[in-house]
Structure formats: structure tokens, C-alpha cells
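# Topology and contacts: notes
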Amino acid sequence: MTTKSYEAIKIEKDKGITWLFMNRPDKRNAMSPQLHMEMDEALDELAVDPETEVLVLTGAGDAFCAGQDIKLYFRGGDADAKLRRKAGRASNNWRWQKLSTFPKPTIAMVNGYCFGGGFTQVCACDFAIASDEAIFGLSEVNWGILPGGIVSWNVVQMMNFRDAMYYAMTGDTFDGKKAKEIGFVNLHFPKAKLKAETIKFAKKLQEKSPAALQYTKEAVRAVRFMNEPQAADYLNAKSDALKLNDKEDGRNQGMKQFLDDKSYRPGLGHFKRQKAAAK
């Protein structure tokens, strides 16, 4: 599938892993209106791209994302109401709505600075892996605003209340090791090993049933806000939908390999996928 060329973002593909870069390294990948609009478009393309099995979101150069570009997004938006509205819609669309519902597994690879608005796309991804040296910060309070958009909601979802309150109200920074300790990322590694370990993790996901991964991520996200009867009803319906829509028939593949072939044990590994024929 042909991928369009962009300016403020960059897309690279390698063996089913698609790397989506915020590509303003000279600005530490601060998010401009152009970046938001390009990301909004690119995620629609990648969602239906057969070459994309796992999506890795990261930043070009030595930073992940320094938040919104204060000059272009805030001051530029204040001067141009139409631009601010258009950029604001695209910003929320790609950073939360499209990333959090992306049909394939998503990984935020936090390779450096991650500030303010950059927290939202980390939270939207299914997984987050940070370098030990990465620097995180909710810096909004330091220049007289609050963590807006949905950043405050995001961090309360990912961190415990005390940590969210502390970092939002002090503007203090924390590194990748601390991010793991407070539950903001899944894994952390020295920066020299970050990409290799991210690839290793992405390959682990590629071994699983794509349909099972998609329906599982949808289910886990949805049931967080349900009571027990609602969750039970939803998960039963979701399980039935998975059986109906899984083109690889992973459920029966897995049972046959476990019960009949004795080739694996579910608690200790995964079944060997037999990919559906391409159409």
C-alpha cells in the first residue's frame, strides 16, 4: 500500500511494524497545526493498511514530544479562530479518538522529552515503552495554564490520584524509570537499547491473533467504565462477535493445537498462527 509523504510527520515500515514519527526534531517535536492535520489523515490510512500489523509512535531525533507548539498552536490560534478550531479538532482526533481506537496494537516509544500535550498520545497507545533517560513533565502550571485538552483526564486514568496531582501542580519532571514506577509506562530501557527492545515487544504482539488483539483492547478499554452486569453483558457479546469475525479462526486453531496436537500450552505460550489468505 502506497504511503503518502508528509512534512511534519514521517512514516517508515519494516516487516509489519509501522513507525510513525512526529517529525519536527528542531522543535523537539512540538505539535503544530500542520502536524495535527497530517497525523489525523495518516492514522486513517494506516488503520486499513495491510502492511501495518503493529504501530509504533515516536519522535524524530532526541525528543518524543515537547507538547503543543506555543507559538504556532496557541498564539497562532489566538490570532486565527478558524485555524485554532481546525487544529484543535485534528489534535483531539488523532491523539485520542483515533489512537485509542486504532484497530491494531499501538506502542508509544518515548525516546526523550515528553511534556504537556504529549502525555495524551502516550495514554492513547495500548503500551508505552520509555528510555531511562526520557524526561516527562506536566509543565503547563509553569507558564500559567492547566493541563488542558484531556491531559488532566488522561493522567488520572494512568497514574494514581496522588501522583497525578503532584506532577500536575508542581510541574516537576520525572524520568523513564520513575514513569514505570508510577504506572505511566509498561517498560523502560537504556536509550541505546530502546528501539531494539521495542521491536522485540512488537514482534511478540505479531505472534498473536490480530482479531483477538483488537477485540481484547476494545473490551479492556470499554469495561473500565462499566458496572459488573454491564461488563458481563458486553464481554459476552464481544466474545461472540470475535468468533464470528475472526478470519483466521484463531479460537479453533488454538484449541486444536492444544487439545489434539499437544503443540503448546496456553498458560506458557501462544499457538502458531495460520494467517488468513490475502484477498
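See the structure above.
The sections below set out a description of the structure shown in this document. Please read these numbers as outputs of a predicted model, since none were measured by experiment.

### Brief notes about the sheet that holds strand β6 (residues 113-115)
- As summarised here, the arrangement of the four strands in space is β4-β6-β8-β9, forming an open sheet in which the pairing is mixed. The sheet is open, and its two edges are formed by β4 (63-65) and β9 (173-175), each paired on a single side. Adjacent strand axes in the sheet meet at a mean angle of 20 degrees when their direction is disregarded.
- Relative to β9, strand β8 (residues 135-137) is paired through three bridges, and the arrangement is antiparallel. Bridged to I135 within β9 is D175.

### Re the packing of aromatic side chains
- Counted by the stated rule, this structure contains 14 aromatic pairs.
- One aromatic cluster in this structure is built from F119, F136, Y166, Y167, F174 and F184.
- Note that K10 overlies the ring of F21, its terminal NZ or CZ placed 4.7 Å from the centroid.
- The ring of Y215 carries the charged tip of K238 above its face, separated from the ring centre by 5.0 Å.

### Here's the deal with the sheet that holds strand β10 (residues 187-189)
- Strand order in the open sheet formed by six strands is β1-β2-β3-β5-β7-β10, and the pairing between neighbours is mixed. A strand with exactly one partner marks an edge of an open sheet, and here the two such strands are β1 (9-14) and β10. Taken over all neighbouring pairs, the strand axes of this sheet differ in orientation by 20 degrees on average, direction set aside.
- Note that β1 and strand β2 (residues 17-22) share six bridges and pair antiparallel. Within the sheet, the bridge partner assigned to K10 lies in β2 and is F21.

### Details of the nonpolar core
- Residues L20, L57, F64, W94, F119, F136 and F184 are the most contacted members of the largest nonpolar core, which totals 44 residues.
- At five residues, helix α1 (residues 33-47) tops the list of elements feeding residues into this core.
- Contacts of L57, omitting those with residues within four sequence positions, involve L20, M22, M39, F64, W94, L99, I107, A108, M109, Q121 and C125.

### Quick notes on α1
- Between the first and last C-alpha of α1 there are 22 Å, a value that for 15 residues agrees with the 21 Å anticipated at 1.5 Å per step.
- Of all the positions in α1, only P33, L35, H36, E38, M39, D40, A42, L43, E45 and L46 are classed as buried.

### What to know about the pairing of strand β3 (residues 54-59)
- Along β3, six of the six residues are buried, which leaves the element largely enclosed by surrounding structure.
- The alternating pattern of β3 places V54, V56 and T58 and L55, L57 and G59 on opposite faces, both of which are buried.
- Where β2 and β3 come together, six bridges link them in parallel fashion. Bridged to W19 within β3 is V56.
- Once you follow β2 into α1 and on to β3, the crossover reads as right-handed.
- In this structure, β3 lies alongside strand β5 (residues 106-110), joined through three bridges in parallel fashion. In the sheet register, L57 faces β5, and the bridge partner there is A108.

About the criteria used
- In this numbering scheme, every chain counts its residues from 1 along its sequence in written order.
- Residue-level local features of this predicted model are given only where pLDDT is at least 70; pairs of side-chain atoms are given and counted only at 80 or more, and the full residue set underlies all totals for whole chains, interfaces and linings.
- Values reported for side chains reflect all heavy atoms of the structure, with hydrogen atoms and water molecules removed beforehand.
- Should DSSP find at least two bridges between two strands, the strands are regarded as paired.
- Secondary structure is summarised from DSSP: a helix means a run of H or I of at least four residues, a strand means a run of E of at least two, and numbering begins at the N terminus for each.
- An axis is simply a line fitted to the C-alpha atoms; with a helix, the fit covers only the stretch in contact. Between two such axes, the angle follows the N-to-C directions and lies from 0 to 180 degrees.
- Centre distance within 6.5 Å is the pairing criterion for rings of Phe, Tyr and Trp, where only the six-membered ring of Trp is used; planes under 30 degrees apart are then read as stacked, over 60 as edge-to-face, and the remainder as tilted.
- Counting as a charge over the ring demands two things of the Lys NZ or Arg CZ atom: a distance within 6 Å of the ring centre and an angle within 35 degrees of the ring normal.
- Throughout, nonpolar core names a set of buried Ala, Val, Leu, Ile, Met, Phe, Trp, Tyr and Cys residues whose side chains join them through atoms within 4.5 Å.
- Classification of residues uses two cut-offs on accessible area relative to the type maximum, computed with a 1.4 Å probe and protein chains only: under 20% is buried, over 50% is exposed, and between them is partly exposed.
- In what follows, a contact means two residues having at least one pair of non-hydrogen atoms within 4.5 Å.
- One fewer than the residue count of a helix, multiplied by 1.5 Å, yields its expected span.
- By definition, the crossover connecting two strands over a helix is right-handed if that path, from the first strand to the second, turns clockwise as seen with the strands pointing away from the viewer.

Fair warning: the whole summary comes from geometry, so function is off the table for now.
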